[in-house]
Amino acid sequence: MDKNAKIYIAGHRGMVGSALLRKLQKEGYNNLVYRKSAELDLRNQQAVADFFQAEKPDYVILAAAKVGGINANNIYRAEFLYDNLMIQNNIIHQSYLNGVKKLLFLGSSCIYPKMAPQPLKEEYLLTGTLEPTNEPYAIAKISGIKMCEAYRSQYGCNFISAMPTNLYGPNDNYDLANSHVLPALLRKFHTAKINNADSVEIWGSGSPKREFLHVDDLADACFYLLLNYNESELVNVGTGEDISIKDLALLIKDTVGFDGELTFDSSKPDGTPRKLMDVSKLHGVGWKHKISLEDGVKSVYEGVNWEEILYSPA
């Protein structure tokens, strides 16, 4: 990519989009285009068409999405399906119509079947039933992958897809109602520490295993793929290492410095028993993660403005 190329980052204010923005600026790319959601509703077909015709970006990174944890995914099923389908349909189609040189579509590890063999290989897509709690989001993301493949096949578009594992990092969501497990646990343990609580309740049994990637590592991987990967097949982006929710809770407990006990609410859903990505394709392309989970959790915890998180009006 030429340093003067115009790059559109859809979703630049989110955790992933903001990390990509930082990465591109660090690498010397300053001809960057983005819009706040209040300025451009990506669900609006005509608005997206007008934006692309006016800006004519050379490259597009599709990091915009309606996202949330297991609770939000399960409750707002229609919104997760409709909003994500509309966002990606509009951006992918307009990228084709306006001659975008390359598009990177970002999905999620939830695209894989609930009981798929571990670790999750890219070819396991569409080989079984999805996890019911996040099925609408997963179906939207699978549609995005297939749309990129179809536009490549029919129109010759260089549209690629990357599937990140569970992410954490700066600009994460700490709202307990719809956050992911790692930021939710950071908030729970920090709150318990400052309130001198005796224990922290963990949703589920603690036995499911999850993989976690620092969002700055994801941004680095995305930049690498934009420069070096031009194939139709999706690529997993992760660490290839996982940890049980119980052990993650213990790691966060130690990081925060909480001295109380852990309790587990088995009435809450566990979700998929295990989600570990096979990242051999990504390693074969030439990229590997750099930030360990211990170092990443420590840096994230120390970087959060907890007063703003805990005491700002909703």
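The structure presented is a predicted model; accordingly, all values stated were derived computationally and were not measured.

A.B. asks: When you look at the sheet that holds strand β8 (residues 209–210) in this model, what are you seeing that I'm missing?
C.D. replies: In any sheet, the strands associate via hydrogen bonds between backbone groups, in a parallel or an antiparallel arrangement. If you trace the 3 strands from one edge of the open sheet to the other, you get β11-β8-β13, paired in mixed fashion. In this open sheet, the two strands that pair with only one neighbour each are β11 (243–244) and β13 (274–275).

A.B. asks: Where do I start with the side chain of D220 in this structure?
C.D. replies: Looking at the secondary structure, you find D220 in helix α7 (residues 215–228). In this structure D220 comes out as buried when scored by relative accessible area, which is 16%. A polar contact is formed between the side chain of D220 and the side chain of K290, at a distance of 2.8 Å. Leave out the neighbours within four places in its chain, and D220 touches K23, W287 and K290.

A.B. asks: Would you explain the sheet that holds strand β5 (residues 159–164) in this entry?
C.D. replies: A sheet is described by the order of its strands in space; here 6 strands give the open sequence β2-β1-β3-β4-β5-β10, paired in parallel fashion. If you trace the sheet from one side to the other, it starts and ends with β2 (32–33) and β10 (235–237), each paired once. Seen against the sheet, helix α1 (residues 15–26) touches β1 (7–10), β2, β3 (59–62) and β4 (102–106) and runs at an angle of roughly 155° to β1. Across the sheet, α7 touches β3, β4, β5 and β10, and the angle it forms with β4 is around 150°.

A.B. asks: For this particular structure, what's the right way to read the environment of I139?
C.D. replies: Examined against the element boundaries, I139 turns out to sit in helix α5 (residues 135–155). I139 gets classed as partly exposed once you look at its relative accessible area, which sits at 34%. For the pair I139 and N84, spaced 55 residues apart in sequence, the C-alpha to C-alpha distance is 9.5 Å. Excluding residues within four positions of it along the chain, I139 makes contact with L81 and L130.

A.B. asks: In this structure, what is going on with the layout of surface pockets? I would like to understand it.
C.D. replies: If a probe the size of a water molecule is rolled over the atoms, the empty space left behind becomes visible. Estimates place the volume of the second largest pocket at around 220 Å³. Every residue lining the second largest pocket is counted, 13 residues in all, and those nearest its centre are N171, D172, Y174, V304 and I309. Mapped by element, the contributors of at least two residues to the lining of the second largest pocket are α10 (293–303) and α11 (306–311). If one sorts the elements of the lining of the second largest pocket by residue count, α10 sits on top with 3 residues.

Conventions we followed
Residues numbered from 1 in each chain as written. Predicted model: local features only at pLDDT ≥ 70, side-chain atom pairs only at ≥ 80, totals over all residues. Heavy atoms only, no water. Pairing = 2+ DSSP bridges. Helix = DSSP H or I, 4+ residues; strand = E, 2+ residues; numbered from the N terminus. Buried < 20%, exposed > 50% of the residue type's maximum accessible area, 1.4 Å probe, protein only. Polar contact = N/O pair within 3.5 Å; in protein donor to acceptor, adjacent residues only side chain to side chain. Contact = heavy atoms within 4.5 Å. Axes fitted to C-alpha atoms, helices over the stretch in contact; angles between N-to-C directions. 1 Å grid on protein atoms, 1.4 Å probe; cavity = no way out; pocket = protein on both sides within 12 Å on 5 of 7 lines; lining within 4 Å. Points joined across faces, edges and corners; volume = space filled by probe spheres on them.

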